[in-house]
Structures are given as C-alpha cells and as structure tokens.
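Close look at the chain arrangement
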Amino acid sequence: QVQLVESGGGLVQAGGSLRLSCAASGRTFSTYTMGWFRQPPGKEREFVAAISWGAGDNTYYPESVKGRFTISRDNAKKTVYLQMNSLKPEDTAVYNCAAGRGRGPHYSTDKYDYWGQGTQVTVSS
C-alpha cells in the first residue's frame, strides 16, 4: 500500500515557477514509476510527467510541458517533485501524483495503482 500527499500548489503569475512535491509512504517507493497528471477545469485528466526507476531514472513528458517541467525523485525521502517553469494560464489545473508498479513509461492513468488527493495550481495572465 502506498499513500501519496501532494503539496506546493498555489497561485502564480504567467512566466513564474512552482515546485510541487509528492510525499509517499510505503516500503517500496523506489520500485514504483511515479507520475504527475493534471485536470484542467472542465477537461479530462492528462499526463504531465513520469519518472521510472532503476539505472538512469528515465523521464517522460508530453510536448505541452517538455522543456518547461522537470520531474525528479528522491528515494531516500520517498518524494517526487515536479519543477514547473515558464508557467502559462493553460497550466491551470488540479495536479495529482500517482504511483505505478513496474518500470515506465506509464502515460495513461490505468498504469497507476495509487493516487494522491491533488493540489491546485492557478496561473494568472
């Protein structure tokens, strides 16, 4: 069983930055692929980033955030981060982290077994 708690959301102006954190419980955090998803108002949940485990900790991003967002993990702290730079109003959403068994890439929600409650990110223009 893995429990996930996100933090770090808030209100930021366009062009600004935020860093989201996702703290995990459980003994096997280091062997889960960790992902971030978001759900903009009135839209479906979408993939934002994922980081696998093992040699290299491969990372995966959609084109919409590539070059602006960076996912990383600290297995000793059982925490995954999402650094978001050059934020745009269209990045406004509830952001959730998720944990999935096996190595990534895990692009779809059905690859993930555990989900956090989410944190709101609002980017003003």
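Right, let's walk through the structure included here. (Residues numbered from 1 in each chain as written. Predicted model: local features only at pLDDT ≥ 70, side-chain atom pairs only at ≥ 80, totals over all residues. Heavy atoms only, no water.)

By the definition in use, this model includes five salt bridges. R38 is paired through a salt bridge with D91; the nearest N and O atoms lie 2.8 Å apart. Of this pair, R38 sits in strand 4 (residues 32–39) while D91 sits in the loop between strand 8 (79–84) and strand 9 (93–101); the two residues are 53 residues apart in sequence, bridging distant segments of the chain. The pair R38 / D91 is uniform in exposure class, with both members buried. Between R68 and D91 there is a salt bridge whose closest N-O contact spans 2.8 Å. Here R68 is found in the loop between strand 6 (59–60) and strand 7 (69–74), whereas its partner D91 is found in the loop between strand 8 and strand 9, with 23 residues between them in sequence. Note on accessibility: R68 and D91 belong to one class, buried. (Salt bridge = Lys/Arg side-chain N within 4 Å of Asp/Glu carboxyl O. Helix = DSSP H or I, 4+ residues; strand = E, 2+ residues; numbered from the N terminus. Buried < 20%, exposed > 50% of the residue type's maximum accessible area, 1.4 Å probe, protein only.)

A word on the packing of aromatic side chains. Here the structure, examined in full by the defined rule, presents seven aromatic pairs. Pairing F37 with Y112 gives two aromatic rings, centres 5.2 Å apart and planes at 85°, and the pair type is edge-to-face. Taken together, the residues F37 in strand 4 and Y112 in the loop between strand 9 and strand 10 (114–115) connect sequence positions 75 residues apart. Grouping residues by exposure puts F37 and Y112 together as buried. Between F47 and Y107, the ring centres sit 5.2 Å apart and the planes meet at 90°, which makes this aromatic pair edge-to-face. Taken together, the residues span a long stretch of sequence, with F47 in strand 5 (residues 46–51) and Y107 in the loop between strand 9 and strand 10 at a distance of 60 residues. By relative accessible area, which is 13% here, F47 ends up buried. Relative accessible area serves as the criterion here: at 46%, Y107 is assigned to the partly exposed category. A connected cluster of aromatic rings, assembled from ring pairs, spans F37, F47, Y60, Y107, Y112 and W115. (Phe/Tyr/Trp six-rings, centres within 6.5 Å; stacked < 30°, edge-to-face > 60°.)

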